[in-house]
Amino acid sequence: MILFDGIEKLINEHGSSVILKERIELANEKFAILEQKLSVSEIRAHQLEAENKLLKIDNEQLKIQIKNLQDQIHNSNLLTLKYGVYWDKDGNPYCPKCKTPISQIAWATHINRQIQGLKCTCSPKAFVLIENGEPIHAPDAMRRLAGG
Ligand SMILES: [Zn+2]
């Protein structure tokens, strides 16, 4: 019985070393897969970090844009109509059609007269400023309104 015990022990040890070897191989494979997954995750994390940075910059710029647009809306609500165009409190003219600031002076024909009007990008023709039915040169009107 002692001999058989020894053989049985040998078989068991041999068997368990094969099993152990298989387990180690399996563990190595799993480790390699996890290592690969980790490096993929690290790359993805870097990408997301970079994307996040860009989105934060975008967000800041959009906040500024919103603020500017709100200011523009606020200012356009404070515009007054005079000579057929809008003016802000500082005497700057605004387009009567699109309400954006206009500063370009251009010659325009009013009936038979050449008159200096205001030209906006939204319109092909310059706007002629009118005071009591008579055309007025844009620079004169601007000087008057800037003067108060
Ligand atoms: Zn316009």
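Observations concerning the pairing of strand β4 (residues 104-110)
Walk down a regular strand and you will see the side chains alternate between the two sheet faces. Note that β4 and strand β5 (residues 113-119) share seven bridges and pair antiparallel. Bridge pairing links Ala-108 to Ile-115 in β5. Between the antiparallel neighbours β4 and β5 lie two residues, among them Ile-111 with a positive phi of about 55°.

Quick look at the nonpolar core
In this structure, Val-85, Leu-118, Phe-127, Leu-129, Ala-138 and Ala-141 are the most contacted members of the largest nonpolar core, which totals 14 residues. Examining the composition of this core, we find that three residues originate from one element, helix α2 (residues 138-147), more than from any other. In contact with Leu-118, not counting residues within four places along its chain, are Val-85, Pro-93, Ile-102, Gln-104, Ile-105, Ala-126, Phe-127, Leu-129 and Ala-138.

Quick notes on the environment of Gln-61
Positionally, Gln-61 belongs in helix α1 (residues 2-77). Exposure remark for Gln-61: the 10 C-beta atoms within 10 Å place this residue in the exposed category. Through-space distance from the C-alpha of Gln-61 to that of His-46 is 23 Å; in sequence the pair is 15 residues apart.

Examining unusual backbone geometry
Phi at Ile-111 is positive, roughly 55°, even though this residue is not glycine. Its place among the elements puts Ile-111 in the loop between β4 and β5. Within the chain, Asn-132 stands out as a residue other than glycine whose phi angle is a positive 50°. Its place among the elements puts Asn-132 in the loop between β6 (129-131) and β7 (134-136).

Structural notes on the environment of His-110
Note on placement: His-110 falls in strand β4. Take His-110: there are 15 C-beta atoms within 10 Å of it, and that puts it in the partly exposed class. In this structure the C-alpha to C-alpha distance between His-110 and Ala-32, which are 78 residues apart in sequence, comes to 84 Å.

Remarks on the sheet that holds strand β1 (residues 80-82)
With antiparallel pairing, the three strands of this open sheet are ordered in space as β1-β2-β3. Edge strands, defined here as strands with exactly one partner in the open sheet, are β1 and β3 (93-94). Pairing geometry for β1 and strand β2 (residues 85-87), over three bridges, is antiparallel. Bridging from a neighbouring strand, Leu-81 pairs with Tyr-86 of β2.

About the cut-offs
- Residues numbered from 1 in each chain as written.
- Predicted model: local features only at pLDDT ≥ 70, side-chain atom pairs only at ≥ 80, totals over all residues.
- Pairing = 2+ DSSP bridges.
- Helix = DSSP H or I, 4+ residues; strand = E, 2+ residues; numbered from the N terminus.
- Core = buried A, V, L, I, M, F, W, Y, C linked by C-beta atoms within 7 Å.
- Buried ≥ 20, exposed ≤ 12 C-beta atoms within 10 Å, placed from the backbone.
- Contact = placed C-beta atoms within 7 Å.

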